[in-house]
Amino acid sequence: MNRKGLLPNLFFITLAYFALGIISILFANLALLCMALPFILLAKAKKKLWCQSYCPRASLLNAAGRRKNWRKNPAFITNGRLRRIMIWYFGLNLLFITGSTVQVALGRMEAMPYIRLFIAIELFSLPQLLTVQAPLFLIHLSYRFYGMMASTTLLALVLSRIYRPRIWCAVCPIGTLSDSALRLERRT
Ligand code: SF4
């Protein structure tokens, strides 16, 4: 991965994403854009342009990760186990997010207007500087996206401090899916 090509200071976008959640949790739905952009750029450029130049999370990891004495990649990275876990986590999370949002919209389930980390760890609601009248399912959806982004950012930061800044990129579901899309593209 080309670390030199990453535009500087993009980490502000990641920090702004989490800060915007305090203004209104509805901004958390920008996560959809973060997930779509890498694939839009990949389809246009036929390479991982997002990862190479524009990823705000990679920029944050470069800024916050361990500076020196990088540790060797652990076995759960080199044997691909964590990558497989993360892709399952990502897929299941999107399934739960979609399913629970539909259930809330149909009135069959109570909305969960609070952050949950790693699908299961219940945290708290965010203070809201802007009061927007939004349907409950949208509030629920926003908190699910916020929780998903917070969980993976937290894990990426912990790994970056223990091992090396961008070790997360070896297991990132967006990176893994981009690689698969590129392989598919080259075969056709
Ligand atoms: S692998 Fe993931 S975190 Fe790393 S640059 Fe790509 S999208 Fe960003």
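Here, the structure is the one placed above.
Owing to the predicted nature of the structure, the values given are computational and were not obtained by experimental measurement. (Residues numbered from 1 in each chain as written. Predicted model: local features only at pLDDT ≥ 70, side-chain atom pairs only at ≥ 80, totals over all residues. Heavy atoms only, no water.)

J.: What should I look at first to understand the side chain of Arg57 in this one?
T.: With respect to the element layout, Arg57 can be found in helix α4 (residues 56–64). Buried charge Arg57 goes without a salt bridge, the closest partner of opposite sign being Asp179 at 15 Å. If we skip the residues at most four places from it in the chain, Arg57 touches Thr14, Met149, Thr152, Thr153, Ala156 and Trp168. (Helix = DSSP H or I, 4+ residues; strand = E, 2+ residues; numbered from the N terminus. Buried < 20%, exposed > 50% of the residue type's maximum accessible area, 1.4 Å probe, protein only. Lys, Arg positive; Asp, Glu negative; His and termini not counted. Salt bridge = Lys/Arg side-chain N within 4 Å of Asp/Glu carboxyl O. Contact = heavy atoms within 4.5 Å.)

J.: Explain a positive patch on the surface to me, please; I cannot follow it from the model alone.
T.: Positive charge collects at one region of the surface, where Arg81, Arg83, Arg84, Arg183 and Arg187 lie side by side. Among the elements of the structure, α6 (81–105) and α8 (173–187) are those that each provide at least two residues to the positive patch. In terms of residues, the positive patch owes the most to one element, α6, which gives 3 residues. Along the chain, Arg83 falls in helix α6. Residue classification places Arg83 among the partly exposed positions, given a relative accessible area of 36%. (Patch = residues over 30% accessible without salt bridge, like charges linked within 9 Å, V, L, I, M, F, W, Y side chains within 5 Å. Areas by Shrake-Rupley, 256 points an atom, 1.4 Å probe, with all protein chains shown as cover. Charge placed at Lys NZ, Arg CZ, Asp CG, Glu CD.)

J.: Looking at this structure, I do not really get unusual backbone geometry. What am I missing?
T.: One can expect most non-glycine residues to show negative phi and most peptide bonds to be in trans. For Asn9, which is not glycine, the phi torsion reads 65° and is therefore positive. Within the fold, Asn9 resides in the segment before α1 (11–23). Judged by relative accessible area, Asn9 falls into the partly exposed class, the value being 47%. The backbone phi angle of Asn69 is positive, close to 50°, even though this residue is not glycine.

J.: Just checking my understanding: could you explain the site of the ligand for this structure?
T.: Inspection of the region around the ligand gives Trp50, Cys51, Cys55, Ala58, Arg166, Trp168, Cys169, Cys172, Ile174 and Gly175 as its neighbouring residues. Cavity membership is defined here by more than half of the atoms lying within 2 Å of grid points; on that basis the ligand lies in the largest pocket. For the shell around the ligand, the secondary structure elements donating two or more residues are α3 (49–54) and α8. When its residues are assigned to classes, the shell around the ligand shows 8 nonpolar, 1 polar and 1 charged. (Near = heavy atom within 4 Å. 1 Å grid on protein atoms, 1.4 Å probe; cavity = no way out; pocket = protein on both sides within 12 Å on 5 of 7 lines; lining within 4 Å. Sits in = over half its atoms within 2 Å of the grid points. Nonpolar A, V, L, I, M, F, W, Y, C, P; charged D, E, K, R; others polar.)

J.: I'm lost on a nonpolar patch on the surface in this one. Help?
T.: Among the surface-exposed residues, Ile22, Ile23, Phe27, Leu30, Leu33, Leu129, Leu130 and Val132 lie close enough to one another that they form a single nonpolar patch of about 670 Å² accessible area. Mapped onto the elements, Ile23 comes out in helix α1.

J.: For this particular structure, what's the right way to read the packing of aromatic side chains?
T.: The full count for this structure, using the stated rule, is 6 aromatic pairs. Residues Phe18 and Tyr146 carry aromatic rings whose centres are separated by 5.4 Å and whose planes lie at 90° to one another, so their mutual orientation is edge-to-face. Of the two residues, Phe18 is situated in helix α1 and Tyr146 in helix α7 (residues 136–162); the sequence distance between them amounts to 128 residues. Here the two residues Phe18 and Tyr146 agree in accessibility, since each one is buried. Aromatic ring contacts, followed pair by pair, group Tyr17, Phe18 and Tyr146 into a single cluster. (Phe/Tyr/Trp six-rings, centres within 6.5 Å; stacked < 30°, edge-to-face > 60°.)

No statement about biological role is implied by the geometric values presented.
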